[in-house]
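Observations on the model geometry
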Amino acid sequence: TVTIACDGTIGLTATIAYDTVLDASGHSVTLSGRGQWRVFYVATNKSLTLINLTVADGVAESGAGVFIDGGRLNATNCIFSGNHRFQ
């Protein structure tokens, strides 16, 4: 479990593909693909739990914000914004 204890935008430099929990309760946090790549990839038999986060600006052929490839996504109080397909 990763507890995020700050406010702001975290610009990712690569897709996150781990079995994990990200919790930003009490904060305003955006995880951004920076218009360059997918934000999350959830592989077979993996689980991603997002709590109180915005997932934004992911870009991919499919699943720009979150691509679920046989795994499981649990999202509580989350916003998905500005994620889109390659042009």
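All values reported here derive from a predicted model rather than from experimental measurement. (Residues numbered from 1 in each chain as written. Predicted model: local features only at pLDDT ≥ 70, side-chain atom pairs only at ≥ 80, totals over all residues. Heavy atoms only, no water.)

**Side note on the sheet that holds strand S7 (residues 54-56)**
Ordered in space as S2-S4-S7-S11, the four strands form an open sheet in which the pairing is parallel. In this open sheet, the two strands that pair with only one neighbour each are strand S2 (8-11) and strand S11 (79-81). The sheet shows a mean angle of 20° between the axes of neighbouring strands, taken without regard to direction. (Pairing = 2+ DSSP bridges. Helix = DSSP H or I, 4+ residues; strand = E, 2+ residues; numbered from the N terminus. Axes fitted to C-alpha atoms, helices over the stretch in contact; angles between N-to-C directions.)

**Some remarks on the packing of aromatic side chains**
Scanning all chains against the criterion turns up one aromatic pair. Aromatic pair tyrosine 41 and phenylalanine 67: ring centres 5.9 Å apart, planes at 15°, arrangement stacked. Of the two residues, tyrosine 41 sits in strand S5 (residues 40-42) while phenylalanine 67 sits in strand S9 (residues 66-68), which places them 26 residues apart along the sequence. The exposure class of phenylalanine 67 is partly exposed, given its relative accessible area of 24%. (Phe/Tyr/Trp six-rings, centres within 6.5 Å; stacked < 30°, edge-to-face > 60°. Buried < 20%, exposed > 50% of the residue type's maximum accessible area, 1.4 Å probe, protein only.)

Function cannot be read off these values alone, since they describe shape.
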